[in-house]
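Each chain, written out:
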Amino acid sequence: MNKSNKPAHFKPPAKGKVKPAPVKKRQFIVYAMILFFSVSVVSSLVFLFTGLGNYLLDNHAFRQTQTALTTFYIVKDGFHLNYITPILGDPWTIPFEFPIYQMVVALLKMGTSLSLDVSGRIISIMFFCLSLFPLYMIMRRIMKSNTESLLAVCFVLLHPIYLFWSRTFMIESTALFFAITTLWLSIVFLETKRILPLVFAVSCAIIASLVKITTMASFTMIISVWALVCWLKEKGYRFGLKTTLYYGAFLLLVILLPVYLAREWVAYSDTLKSVNLYAAQTTMSTNLNSWNFGTLDQKFSLTTWNRILIHSAIYSIPFYAICIAMLILAFILKLKYRKEALISVFLYLLAPAIFTNLYYVHSYYTYANSIFLCAALEFLVISFIINKKNYLKVAGYGMAAGVMIFFFSQYLKEYYQLAKLNQDYVISVSKWIKENTGKDDVMIVYGNDWGSEYAYYSERKTIALRDVFKSVKDPMFQYIIRKHSKYNITTLVFDSYQGMYKKVFVNDLLNYFKFQPIIENEPFFLFHKPDQP
């Protein structure tokens, strides 16, 4: 028996040769992620608040001022389901999204001394920042890591689309927040079977669908697939009635119910729009559906996809080539998150493949799907970083830094000067109207399609005439005149900047209403009735 109670093979360590405790392998990853995150947060905070007090005229002013105009009248008259956006004539109501964002902005405006423009920007930034938390929680559940999951947040924080559009008076960040929160809470419910996450998931899904169904579309797809995977894991390919009904009820509540309510809202809004035949031509969903989805030729057109990629604000052939090469290499080397990266790329392309024309025309639509590209880059980069081979680790860290630098440089190139510049091209005209016309007077705007810039900054109800009219004898124009016979139409704004006008019709309008020139500063013209103050 060994009296020392030590195994026979035990040997004490030689003096002077005691090895230090090994450094934790993951320690460098932790420090690197903290560094990346810190740089991203500081940089994004600076850029998100750039131009906070500027007019809403930097990019897609048409859509920003339309949202602001709705909010202005909510502040002025209170909330109504048939809220007004007075740009296409009486009865002035042309509701699109359910105005969740507008109501939150109105509450901030009424509760503070902030201007409406600043209030809208702050709420938009707030919802963007809130979106980062569910994104992080989703990545953490997939990757089982607190630190590695931060990288997707870093990419989003520095993505040019999010740096610019999150600071605009738009519904984009609100829709994204509720959509991605729906995804996170749905994942929690499917994994835990707890009721509370389901209740909140359904609530968020309904709000997201009512605010912007096109944003919710991609998240609806991934929720459905996630539920299917969970169902297969639980029962395999065997049919179980109870389990099938369970997952069916989940999809009914989180996907079908919100879609149904969104359709009901659209039907209700169409009913309101139909009262005004002129507004109905432009805004009813039945007239916009085919336009939203685009044509089959568009979906398979390289020109279309080239423009959609340009709208992403990270259009660079070398960047895409490197990303594709890294993705192919990840599959060749069978790296850990290669499949998740590929799925994220698919989700990134899914929304523009469905709503092709919307993504083709409007650059801000990529706000909804760019988060999937950031997730794909996260999966791809982390797959390299956690690999045992040092040269792959170095490539991963290099790619992480490269993506962040590239995003940063693209923002400076595409958006920074635009965010800084306080454009005021409609302000002088709008100010004159506000100071020299009655609050109940109506103005006509021609040449600016059905934009809301003049209506918002002059605070006057507006009849925006599109370039479909050839003369004042046009039946639709006569319909508009009859419909507004009880109103005092005092002013005409002619905006020739976009070239969306017919010169003959301009002269017809001047003769018809006996307008006289007040401001002639091409391309902006203001005319007023001489008998008005």
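Worth saying up front: this structure is predicted, and the values here are computed from it rather than measured. (Residues numbered from 1 in each chain as written. Predicted model: local features only at pLDDT ≥ 70, side-chain atom pairs only at ≥ 80, totals over all residues. Heavy atoms only, no water.)

## Concerning the pairing of strand S2 (residues 461-465)
Within a regular strand, side chains alternate between the sheet's two faces. A large share of S2 lies buried, amounting to four of its five residues. Taking the sense of rotation as the criterion, the β-α-β connection linking strand S1 (residues 442-446), helix H21 (residues 453-458) and S2 turns out right-handed. (Buried < 20%, exposed > 50% of the residue type's maximum accessible area, 1.4 Å probe, protein only. Helix = DSSP H or I, 4+ residues; strand = E, 2+ residues; numbered from the N terminus. Right-handed = clockwise from strand over helix to strand, strands pointing away.)

## Focus on the nonpolar core
Grouped together as the largest cluster of nonpolar side chains are 172 residues, with contacts concentrated most on Phe407 and Leu465. When residues of this core are assigned to their parent elements, the largest contribution, 14 residues, is made by helix H18 (residues 366-385). Contacts of Phe407, omitting those with residues within four sequence positions, involve Phe155, Leu158, His159, Pro160, Ile314, Phe319, Cys374 and Leu377. (Core = buried A, V, L, I, M, F, W, Y, C linked by side-chain atoms within 4.5 Å. Contact = heavy atoms within 4.5 Å.)

## Quick word on the packing of helix H4 (residues 116-143) against helix H7 (residues 172-192)
It is at 8 Å that the axes of H4 and H7 come closest, and there the two elements cross at 25 degrees. With respect to their mutual orientation, H4 and H7 come out roughly parallel. When you trace H4 past H7, the crossing you get is left-handed. Judged by residue contacts, Ser124, Phe127, Phe128, Leu130, Ser131, Phe133, Pro134, Leu135, Met137, Ile138 and Arg141 of H4 engage Ser173, Thr174, Leu176, Phe177, Phe178, Ile180, Thr181, Leu183, Trp184, Ile187, Val188 and Glu191 from H7. (Axes fitted to C-alpha atoms, helices over the stretch in contact; angles between N-to-C directions. Parallel < 35°, antiparallel > 145°, perpendicular 65-115°, else oblique. Left-handed = near helix turned anticlockwise from the far one by under 90°.)

## Focus on helix H3 (residues 100-111)
Helical periodicity: at 3.6 residues per turn, an α-helix aligns residues three or four positions apart in one direction. With twelve residues, H3 should cover 16 Å at 1.5 Å per step; its first-to-last C-alpha distance of 17 Å lies within 8% of that length. Those residues of H3 lying buried are Ile100, Tyr101, Gln102, Val105 and Ala106. Of the surrounding secondary structure, the elements contacted by the buried residues of H3 are helix H2 (61-77), H4, H7 and helix H8 (195-211). (Expected span 1.5 Å × (residues − 1).)

## Some words on the environment of Ile87
Examined against the element boundaries, Ile87 turns out to sit in the loop between H2 and H3. Considered as a pair, Ile87 and Arg460 are 373 residues apart in the sequence and their alpha carbons are 9.0 Å apart. In this structure, Ile87 is in contact with Leu69, Trp92, Ile94, Trp450, Gly451, Ser452, Ala455, Thr462, Ile463 and Ala464, ignoring residues within four places of it in sequence.

## Some words on the side chain of Thr93
Examined against the element boundaries, Thr93 turns out to sit in the loop between H2 and H3. Relative accessible area serves as the criterion here: at 8%, Thr93 is assigned to the buried category. A distance of 3.5 Å separates a polar atom in the side chain of Thr93 from the backbone oxygen of Asn82. Here Tyr83 takes part through its backbone oxygen, which lies 2.9 Å from a polar atom of the side chain of Thr93. Among all residues touching Thr93, those that are not within four sequence positions of it are Asn82, Tyr83, Ile84, Thr85, Leu272 and Lys273. (Polar contact = N/O pair within 3.5 Å; in protein donor to acceptor, adjacent residues only side chain to side chain.)

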